[in-house]
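Listed here are the chains, written in short residue letters.
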Amino acid sequence: MNTTKQWPKRALILSRLLTRAFFSNNSTSTCSSPSPTFPLKHVTRSNFDSALVELRSHVRAADFVAIDLEMTGVTSAPWRESFEFDRFDIRYLKVKDSAEKFAVIQFGVCPFHWDSVKQSFIAHPHNFFVFPRQEIPLDGPSYEFLCQTTSMDFLAKYQFDFNACIHEGVSYLSRGQEDEARRRLKSLYEEQLVNSSHNLRETMDVPLVRVADVLFTERMKKRLSEWRDELLQNRSRGPQDQGASNDLNQQFQTVFFKMRPALSLNGFTSHQLSLIRMVIRKHFKDLVYVRFNGESSSQELVVFTDSESDKDKLVEEVKNEHYRSTEMKIHAAVGFRHVIDLLSSENKLIVGHNCILDIAHIHSKFLGPLPLTAEEFVSCVNKYFPNIIDTKILLNADNILQRRMKKSSTSLSSAFSLLCPEIAHGFKSKVQSSQPCVKVEVHVDEMRSSDWNSGAKHEAGYDAFMTGCVFAQVCSHLDIDFQLYSTSENLVQNEKLQKHMNLLYLSWINGDIIDLRTGSRTAEFLGSNILRKRFPRILYKNIVLIWGFPSKLKPSVIRECICKTLGPTSVISIYRMDQTAVFVQFSKAELVLDFLILKESLERSDDAISVLHPLSQLLEGGNTHAASYETYKDICESPVSELLFADQAEAVGIKWKTKLLPSDVVERQEDNHFHLENALDHTPETVEKSKIRKAEDVVHDSSNKQLTCDEIIDSLLKVEKIRRTTNL
Amino acid sequence: MAALIPRRLICTKISRNSHQHQLRWSVRQVTKSNFNDSLHDFHSHLSSSDFVAVSLQNTGSFSAAWHRLSSFDCPETAYLKAQRAADRFQLLQFAVCPFTISGSKVTAHPYNFHLFPRDELNIGMPSYSFSCQTSYLTAMAQQGFDFNACIYDGISYLSRAQELVAKVRMGNPIAIHHVMKPSSTSPSVADTIFVERVKSRIKHWKKACADSSSRKTDEALVKSLRKLVLGGEQYGSRPCMTIDVCSERQVQLVLEMLGEFSDDLVALKIPTKGGGTQAVRVVLTSSMEDKSLFERELQNVEEEQNKKIRGFREVIDLISASQKPVVSHNSLNDFSVIHSKFIGPLPVNMDEFLCSLRLVFPHVFDVNHLMKEIGPLENVTNVPAAISYLKNRFFAPIDMEISHGALLNEGKIHGQTVLRICHLFAKLCSLLRITPGAIQSSDDNITSLLDGYANPFKSCSGSSQESVDGGIRIWTKGPRKVGCKHLVFLWGFRDSLSAGMLKSLLQGSHDVFSEEFDVCLVDKSCAIVVFLQPNLSQAFLDIMSSEGISGSLRELVSEGLRAAGYETYKRACSLGYWEADLASSLDKASATPDCFSQSGSETNPSEVYWCNDLMINLGDL
């Protein structure tokens, strides 16, 4: 079992010595002194309770708390990745699918607190290993989660300790599960209670058919009455030697239970125990049969009571005992959710980096099942965490910061190393010289360091620490005086932060932002992220989804097929979803219906003309399906995740080949879109700026002509970047 | 306990011991780092052994209680359940043990391979994602499973089907070994022009290559200019030229044309990502010897690459090639996993699966099935239980002799089950008077001696087999054989109703329940009613759907009680309605129009074993 990673103990001691040395000559110390590294606080089952107590006080004192999660995967199928053709509601469905299917295996929590004396933040990075163990048997499906192979491999590359997670990870119950567990344990107990009292059918009549049973009950009756008589005699005569009664039968042992004499019953079968129970019920008014659930096993006892009232008192006591132990069990099983409850109840500012998925995971794992729409999700999140700030939003919203980041990616690690070079590399960068770096002192247990860097990237605790540092730096850039805003409330109230508060990227690819307070979508800030390539606005009512065509067909060929049929300008763009499916955006909404009707009529007739028809190439194989955009939503909503889109559509149960929407439905949907688009018309320029996912996937000649060389290279670079991040 | 094992360097011989099955034998642990060495040893052990035992460690096997294989499953539904599990869950350990039985002595060579479906070629294979059941992972953790070793160092693999796709997708040049037959159709004008153009290009290029090799004093600039003009490239150290083609027809033409040239040209196909050919690369060799050398080089490169692609599947291929009988404990589950991970996607039905599997593994023994020969339908579900069952009833001592490599890590004891399977199999062989010694003498004997046992899949599907060994399976209190058509699925009753309560509710509700019947719960949402009298099940279903329903049954129906026959259950499985509780799946299935009824029910009168202990079966894990 000794397979868990040994955290470098020697390094730990060394760093402790170093930190001490460092602090003893604090005034003379320079940046060149070796950066003390000690591991951050790893929390597993064994030290969870004590860590939680400490964390409670740290969070209480904190100005803000940075969080980060590591999951077992991100997308359950390639077509569930984020596309530019995803409508707002679809983007939420994709986030929802990811949060529902994958497990959280590490949870980083890092409270930051401003120390006005030291003029520095104090950070307490915690790294929780989490694993959803089924500690209380609940009804319903077994606990199951998905692992994305590339994500697991990625974690392995960063030396993620899977053993610590699975062997020692802290388990949890969501609020819903907790209620369910309480209900279940209560009903279990009530059953028992009923058993011990007088009115359950099963114990009512144990028919004594066998001779052995009759003999056994007689014997038990005798044995119990002897024991009781002896007790009564002892009481009148005072204590006497009990040895004689004990060695009479090893199966009976006189013990004390709740200050009352009791017989502990050992080595009986359940049938025999039920016979004993019956004997007691029938013949002994002053004896109570008790089943006592101990630490590991339950014990059967026969307890002697003085009177009827004493008997009731005993039953009450047993009941309370059981209730307490149930509560303790549930409390223990709630496990990691105590941390979430703590963050929620303390109302602190939560800081994450591109954290929509993190928040969705928190909702689905710790609060309850994710709602069907983004609006409901948002209102629920806002209730539990009224103040969330996303550093990715902050970084992209500010032009000066953008420039300082040299337009490099706003990924967490690059932001950290650019904005906090002193912490990241242990030196002052030249660019930074004008802008003072916010100092961050790290406390882990007894150890403290003002230029700490464990360097364990993609470890949730460290990522949370980096996020917090980036946030602190951005705040100082926004001229937020920590002296003034030393309390969490003030930081939350700060108007410079207010305008970014509770905004999250629903999808980074599209720059679609969701406001947690209102649930409305917001466009990205003007002038932000100049790199983002602008696509003409996507009109979802103009889109047809085609899947199941012959796999050798390239998007360009499909485009050609359709253009030959519906006119050279009919298709605006084609987007390849995977090898089995494409989106086709038409220039006019009517063309959608034209195309679908044409397809259907071609499939129905099999004369020579239809074979020669240019579309027949697309329909080859007889498995080509087409539908309007709404079908895409239906398919995304399904809990199934097949690898290929065509298989997914089949698994969802789509039997038809072409879905012609009744015209009124089309009408209604158009209205919807119109409404949505109208709402966005305040900033028409900035709406729907999109990004190429894969250069070759997009056939987009009209805009390609306008692209400058730089833009093409930029987009290619970005494609590379996305590939790397999504590990395609 | 481990201290009892006498330790020797090469061989550990374990004397007969009353706690034999609890002993910890040493099993060779194989990860990425020692895979190649182990593979070599494994091969020699395999060829010197009579049987191969396998045992698999998966990340899970069912998502909900009713997804487990149960006694009420007919072969089709059993296969569908196994198929679903094999597709969802991942195989993390594959223990293989070639072994030989001679008399009461078993010589075994256990290996335990750690697997992880790493995408080593960056092509999204072997697996995009997989499911994990936390209870499985927790249980593995309790046994000391090292997840880090598995995920960091597990051996990857590709199935046979994936290998074909991977080769195309990687776009490596494919050597063309056979010159295709000249096409029968007469070439069109366009073809002739194409061929002539390519021909002249190649001639020109060859000549230039010959010139440049004679003139060695060229300056670098001139050289590169010439290269640019001629379109020549280097393939390794040899000059080559790429001819772009637009169709397979043109590939054919180029190859035919090349055949007319002298023999010093080697053609390679450059595939596109989609599977077609985008170009033919022509490599110029300096002589006949050089040509054969080059061809050998190509072959070696391909071999090397194939090895990398196949990974662990090499072991499966070796077992398959050896044609040795494979012994497993839970053959349907194990082999559906093996098929889906190492051969190809699982076929839609059991028959195709068996056909496909038989091509790879002609002889399969299931110890579970053999157990039934001894104690028909004894409820012995795991290997240790089976061993102790046999130990308590029969005297059949077995000596286990385990060989293992010199390097053995004491802490690594995973893969014990495979040895227990060897042990159990040897015991069963001696009890069933199967003489494995005869197997070595002639191959025919395998079929004649073991045929009755060698196809566990077939015999569970039944009707033909039943005539041979049927009849004895109806016990008074124990399990009995019941036709599928006597089963009725019942759902929509109150929560937390026990089988007994449900039975008593039904008993008085209608006349059909006046005869003997049985009720058991599948999960908390659904129960099965077994009618022991013929035609009563159909009568009950008719009543449930008729207007004239009355009495307390009507009351139950109005409370939501629903019923369906076995066909609906089959349909739920085959349509993939794997909901968390059987009731919702049956609801969905009965709402779906019946499109299987003609083909399904009448042709396969399948039977299941009805077992009174069903509830216990479902509960224990």
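Treat the numbers as computed from the prediction; the structure is a model and nothing was measured.

Undergrad: Is there a simple way to think about the environment of B:Pro534 in this case?
TA: Residues and elements named next belong to chain B. Structurally, Pro534 is set in the loop between strand 19 (526-531) and helix 21 (536-545). Accessibility expressed as a C-beta count within 10 Å gives 11 for Pro534, which makes it exposed. With 223 residues separating them along the chain, Pro534 and Gly311 place their C-alpha atoms 54 Å apart.

Undergrad: What am I meant to see in the pairing of strand 15 (residues 503-507) of chain A here?
TA: Looking along a regular strand, one sees the side chains alternate between the two faces of the sheet. With respect to burial, strand 15 of chain A is a largely interior element, five of its five residues being buried. What sits between the antiparallel neighbours strand 15 of chain A and strand 16 (residues 512-515) of chain A is a turn of four residues, in which A:Gly511 has the positive phi angle 65°.

Undergrad: Got a minute to help me understand the nonpolar core in this structure?
TA: Ranked by internal contacts, the top residues of the largest apolar core, which has 287 residues, are A:Val65, A:Leu545, B:Ala53, B:Cys97, B:Cys422 and B:Phe425. Per-element tally for this core: the top contributor is helix 19 (residues 460-477) of chain A, with eleven residues. If sequence neighbours within four positions are ignored, B:Cys422 has contacts with B:Ala53, B:Cys97, B:Phe99, B:Val106 and B:Ala108. Formed by 21 residues, the second largest nonpolar core is a distinct cluster that contains A:Met220, A:Leu263, A:Val279 and A:Val290.

Undergrad: Sorry, what's going on with the interface of chain B and chain A here?
TA: Size of an interface: often given as the accessible area lost when the parts come together. Residue-level contacts link 30 residues of chain B with 31 residues of chain A. Counting residues per element, the ones that place at least two in the side of chain B that touches chain A are strand 7 (129-133), helix 3 (134-142) and helix 4 (147-153) of chain B. Class assignment for the residues of the side of chain B that touches chain A results in eleven nonpolar, 15 polar and four charged. Bridge count for strand 6 (residues 144-148) of chain A against strand 7 of chain B is five bridges, and the pairing is antiparallel. From the neighbouring strand, A:Gln148 faces strand 7 of chain B, where its bridge partner is B:Ser129.

Undergrad: How should the packing of helix 14 (residues 383-393) of chain B against helix 15 (residues 416-431) of chain B be read in this particular structure?
TA: All names here are of chain B. Viewed as axis vectors pointing N to C, helix 14 and helix 15 meet at an angle of 30°, and their least axial separation amounts to 10 Å. When the interaxial angle is binned, helix 14 and helix 15 end up roughly parallel. Along this stretch, helix 14 crosses helix 15, giving a crossing that reads as left-handed. On the side of helix 14, the interface is formed by Val383, Pro384, Ala386, Ile387 and Leu390, while helix 15 contributes Thr417, Arg420, Ile421, His423, Leu424 and Lys427. A class-by-class count of the residues in the contact of helix 14 with helix 15 yields seven nonpolar, two polar and two charged.

Undergrad: In this structure, what is going on with unusual backbone geometry? I would like to understand it.
TA: Phi is mostly negative for residues that are not glycine, and the peptide bonds are mostly trans. Residues and elements named next belong to chain A. The phi angle at Gln159 is positive, at roughly 60°, despite the residue not being glycine. By the element assignment, Gln159 lies in the loop between helix 4 (149-157) and helix 5 (162-168). On the basis of neighbour count, Gln159 is assigned to the exposed category, with 12 C-beta atoms found within 10 Å. For Asn354, which is not a glycine, the phi torsion comes out positive at approximately 50°. Locating Asn354 in the fold gives a position in the loop between strand 11 (349-352) and helix 13 (356-367). Under the C-beta neighbour-count criterion, Asn354 is labelled partly exposed, with 18 such atoms within 10 Å.

Criteria and thresholds
- Every chain is numbered on its own, with residues counted from 1 as its sequence reads.
- Think of it this way: whatever chain is written first is A, whatever ligand is written first is 1, and the rest follow in order.
- The predicted origin of the model limits local features to residues at a pLDDT of at least 70 and limits the giving and counting of side-chain atom pairs to 80 or more, whereas totals for whole chains, interfaces and linings rest on all residues.
- Going along the chain from the N terminus, every DSSP run of H or I of four or more residues is numbered as a helix, and every run of E of two or more is numbered as a strand.
- Counting other C-beta atoms within 10 Å of a residue's own tells you its class, since 20 or more makes it buried, 12 or fewer makes it exposed, and anything in between is partly exposed; those C-beta atoms are placed from the backbone.
- Strands are treated as partners if at least two bridges between them are detected by DSSP.
- By definition, a nonpolar core groups buried Ala, Val, Leu, Ile, Met, Phe, Trp, Tyr and Cys residues that are joined through C-beta atoms within 7 Å.
- What counts as a contact is two residues whose backbone-derived C-beta atoms lie within 7 Å of each other.
- Lys, Arg, Asp and Glu make up the charged group, whereas Ala, Val, Leu, Ile, Met, Phe, Trp, Tyr, Cys and Pro make up the nonpolar group; the residues left over, Gly among them, are polar.
- Working convention: axes come from line fits to C-alpha atoms, limited for helices to the stretch in contact. Angles between N-to-C directions cover 0 to 180 degrees.
- Angles below 35 degrees are treated as roughly parallel, those above 145 as roughly antiparallel, those between 65 and 115 as roughly perpendicular, and all remaining angles as oblique.
- Whether a crossing is left-handed or right-handed is set by the direction in which the near helix is turned from the far one by less than a right angle, anticlockwise for left-handed and clockwise for right-handed.

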